[in-house]
Amino acid sequence: MHNDVEEILFSKEDISRKVKELGEKISKDYNRDDEVVVVGVLKGANVFMADLIREIDIPVYIDFMAVSSYGYSTESSGIVRILKDLDLEIEGKHVLIIEDIIDTGLTLKYLTDNLKSRNIKSLKICTLLDKPKRRKCDLNIDYIGFEIPDKFIVGYGIDYGEKYRNLPYVASLKEETYK
Ligand code: PRP
Ligand code: MN
Ligand code: MG
C-alpha cells in the first residue's frame, strides 16, 4: 500500500467486479445497431474507460474530451476549461460519457450542456464513483459504480496534484498529505 494512503476503499477486485457489472448493464440497455460513442473525460476517466470498454460487448466508437476544473486545487473552481474536444462527429449518435468521479457535478453539467447542443440522439452518464453529498447542481446519472462519502479520494485514474493516478485501487489519503 502507498505510504500516503489512509484506507483502501475499493480493491482491484472490487473494481473489476463492478466494471463487469456496469459493462453488462450498458450492453443490454443499448440496441446492437445503435451508433454509440463512448466519451472518456480525461485525464481521470482514462483507467476506468480502458477497463469498461472491454466489458461492453456491443459495437461502440471511442473518443475523449479533456477538461479540467480542479487543476492543482482540492476545490472545484466551477470554471471548466475544454483542453481537448472530440475528434468524432457525434451528430445523430448516442453519447455515453464516462467519468471516474462526480463531486460537485459542475464538470459534467458544463460538458452535458455542451454536448446536448450538438444534435445527438441520446446522452447518458456513467461514473465509477459518486459523491452525492457535494453536488452543487442537478445531474441525472444513468450508471453509478459506487457511492462514496465526502473524503479525498485517489487512485484508479484519480489524482491529487497529478499524483496517485496509477494506484490500482481507490483509496482515501492521509490528512497530512493534503493539509
Ligand atoms: C476531476 C474528476 C472529474 C471532476 C469531478 O477532474 O476526474 O472529472 O474532477 O469534479 P466535479 O464533479 O466537482 O466537477 P479534474 O478536473 O481534477 O481533472 P482530471 O480528470 O484531469 O484530474
Ligand atoms: Mn476529470
Ligand atoms: Mg484531477
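Scroll up to find the structure.
Residues numbered from 1 in each chain as written. Chains lettered and ligands numbered in written order. Predicted model: local features only at pLDDT ≥ 70, side-chain atom pairs only at ≥ 80, totals over all residues. Heavy atoms only, no water.

Some details on the sheet that holds strand β7 (residues 143-147)
Item 1. With mixed pairing, six strands are arranged side by side in an open sheet as β4-β3-β2-β5-β6-β7. Looking at the sheet topology across the chains shown, the edges are occupied by β4 (81-84) and β7. Strand-to-strand twist across the sheet, computed as the mean angle between neighbouring axes with direction ignored, equals 25 degrees.
Item 2. With four bridges joining them, strand β6 (residues 122-130) and β7 adopt parallel strand pairing. From the neighbouring strand, L129 faces β7, where its bridge partner is F146.
Item 3. Sitting on the sheet, helix α1 (residues 12-29) is in contact with β5 (94-102), β6 and β7, with an inclination near 160 degrees to β7.
Item 4. Its contacts with the sheet put helix α3 (residues 106-116) on β2 (36-42), β3 (60-68), β4, β5 and β6, and the angle it makes with β5 is roughly 170 degrees. (Pairing = 2+ DSSP bridges. Helix = DSSP H or I, 4+ residues; strand = E, 2+ residues; numbered from the N terminus. Axes fitted to C-alpha atoms, helices over the stretch in contact; angles between N-to-C directions. Contact = heavy atoms within 4.5 Å.)

Let's talk about the pairing of β6
Item 1. Most of β6 is tucked away: seven of the nine residues are buried.
Item 2. With eight bridges joining them, β5 and β6 adopt parallel strand pairing. Its bridge partner lying in β6, V95 is registered against L123.
Item 3. Crossover connection from β5 via α3 to parallel β6: handedness right-handed. (Buried < 20%, exposed > 50% of the residue type's maximum accessible area, 1.4 Å probe, protein only. Right-handed = clockwise from strand over helix to strand, strands pointing away.)

Focus: the nonpolar core
Item 1. In this structure, F48, L52, L96, I98, C126 and L129 are the most contacted members of the largest nonpolar core, which totals 27 residues.
Item 2. Secondary-structure elements contributing two or more residues to this core are α1, β2, α2 (46-53), β5, β6 and β7.
Item 3. Top contributing element to this core by residue count: α1, with four residues.
Item 4. Discounting chain neighbours no more than four positions away, the residues touching F48 are V19, L22, I98, E99, C126, T127, L128 and Y156.
Item 5. Core analysis: the next-biggest nonpolar cluster, separate from the first, contains 18 residues, V39, L86, L111 and I141 among them. (Core = buried A, V, L, I, M, F, W, Y, C linked by side-chain atoms within 4.5 Å.)

Observations regarding the pattern of salt bridges
Item 1. Considering all chains together, one arrives at 17 salt bridges under this definition.
Item 2. Here D63 ties to K84 by a salt bridge, and the two come within 3.8 Å at their closest N and O atoms. You can see D63 sitting in strand β3 and its partner K84 sitting in strand β4, a full 21 residues away along the chain.
Item 3. D63 gets classed as buried once you look at its relative accessible area, which sits at 3%.
Item 4. Judged by its relative accessible area of 27%, K84 falls in the partly exposed class. (Salt bridge = Lys/Arg side-chain N within 4 Å of Asp/Glu carboxyl O.)

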